[in-house]
Amino acid sequence: KQEVTQIPAALSVPEGENLVLNCSFTDSAIYNLQWFRQDPGKGLTSLLLIQSSQREQTSGRLNASLDKSSGRSTLYIAASQPGDSATYLCAVRPGDNFNKFYFGSGTKLNVKP
Amino acid sequence: SQTIHQWPATLVQPVGSPLSLECTVEGTSNPNLYWYRQAAGRGLQLLFYSVGIGQISSEVPQNLSASRPQDRQFILSSKKLLLSDSGFYLCAWSTGGVPYEQYFGPGTRLTVT
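Residues numbered from 1 in each chain as written. Chains lettered and ligands numbered in written order. Predicted model: local features only at pLDDT ≥ 70, side-chain atom pairs only at ≥ 80, totals over all residues. Heavy atoms only, no water.

**Q** What exactly am I supposed to notice about the overall build of chain A here?
**A** In terms of helices and strands, chain A carries zero helices and eleven strands. Going from N to C terminus, chain A has its helices and strands arranged as β-β-β-β-β-β-β-β-β-β-β. For chain A, whose C-alpha radius of gyration is 13 Å, the value lies close to the compact-globule estimate of 13 Å for 113 residues. Viewed in the frame of its principal axes, chain A has a C-alpha envelope of about 45 × 30 × 20 Å. Burial statistics for chain A: of 113 residues in total, 43% are counted as buried. Within chain A, counting contacts between residues at least 6 apart in sequence, those at least 24 apart form 55% of the total. (Helix = DSSP H or I, 4+ residues; strand = E, 2+ residues; numbered from the N terminus. Rg over C-alpha atoms; globule rule 2.2 N^0.38 Å. Buried < 20%, exposed > 50% of the residue type's maximum accessible area, 1.4 Å probe, protein only. Contact = heavy atoms within 4.5 Å.)

**Q** Looking at this structure, I do not really get the side chain of B:Asn32. What am I missing?
**A** Residue placement: B:Asn32 occurs in strand 4 (residues 32-38). With a relative accessible area of 6%, B:Asn32 lands in the buried category.

**Q** I tried to follow the interface of chain A and chain B on my own but got confused; where do I start?
**A** Interface size, as often reported, equals the accessible area lost upon joining of the parts. Each partner contributes residues to the interface: chain A has 22 residues there, and chain B has 22 residues. Carbon and sulfur atoms supply 53% of the area that chain A and chain B bury against each other, a total of about 1,700 Å² over both sides. Of all residues in chain A, A:Leu44, A:Asn99 and A:Phe103 bury the most surface against chain B, accounting for 30% of the area lost on that side. A:Lys100 serves as the salt-bridge partner of B:Glu59, at 3.1 Å between the closest nitrogen and oxygen. Secondary-structure elements contributing two or more residues to the side of chain A that touches chain B are strand 4 (30-38), strand 5 (44-51) and strand 9 (86-94) of chain A. With five residues, strand 4 of chain A is the single largest residue contributor to the side of chain A that touches chain B. Across the side of chain A that touches chain B, the residue classes break down as eight nonpolar, eleven polar and three charged. (Buried area = accessible area lost by both parts, 1.4 Å probe. Salt bridge = Lys/Arg side-chain N within 4 Å of Asp/Glu carboxyl O. Nonpolar A, V, L, I, M, F, W, Y, C, P; charged D, E, K, R; others polar.)

**Q** Help me out: how do you make sense of the sheet that holds strand 1 (residues 4-7) of chain A in this one?
**A** Hydrogen bonding along the main chain pairs the strands of a sheet, whether they run parallel or antiparallel. Residue and element names in this part refer to chain A. Read across the sheet, five strands follow the order 1-3-8-7-6 without closing on themselves; strand pairing throughout is antiparallel. With partners counted over all chains shown, the strands left at the sheet margins are strand 1 and strand 6 (56-59), one partner each. Along the sheet, successive strands turn relative to each other by an average axial angle of 15°, direction set aside. In the sheet, strand 6 pairs with strand 7 (residues 62-67) via four bridges, with the strands oriented antiparallel. Among the inter-strand pairings, Glu-56 is bridged to a residue of strand 7, identified as Ser-65. (Pairing = 2+ DSSP bridges. Axes fitted to C-alpha atoms, helices over the stretch in contact; angles between N-to-C directions.)

Remember that the coordinates give geometry; whether it matters functionally is a separate question.
If you want it as structure tokens, here you go:
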């Protein structure tokens, strides 16, 4: 069974810093990987989707990379802002069942003004 | 554009009472629909998914059930709630084909007392 791990569980940084969030998965046979943001008490907001054939995706200050063979993805946030404070989750969709998503437990990010 | 609605936003129910949570999607047709539960401090657990009207797949044995009476409507039910059913319930949808990106609703906070 696919297992998804996110380290660290929590991260606190000063405003303006560049940071990297990590996501690792045990089975490299994935179809895609998706990064989400969750604010307290809210649903998940999709940030970036990377297909298994892609190496990275960018949206504004966010850049997500995927190394499928090593079972790793990173989410890079440039010039962090207090508004970036939230929990970030990654999820992988396996290649043999497009109706399943395996989620990590998330990294809780706090960007201090 | 597509929108996903969930109601109610919050719910407090006594043990042994019935449950009905509703999810509707606008702006798309024939979506794949999902119910997840997020317990405090834990990751998302897939409960049910549906690829079409009347087609429900259960991922976790429990006292919950799901139904899809219309193309864009997904309902989560229980005949008798348990304390362990407390949590944050999230509905999501994705296209039935590429890119299989998943989008989430605002969630329902359920507290069983």
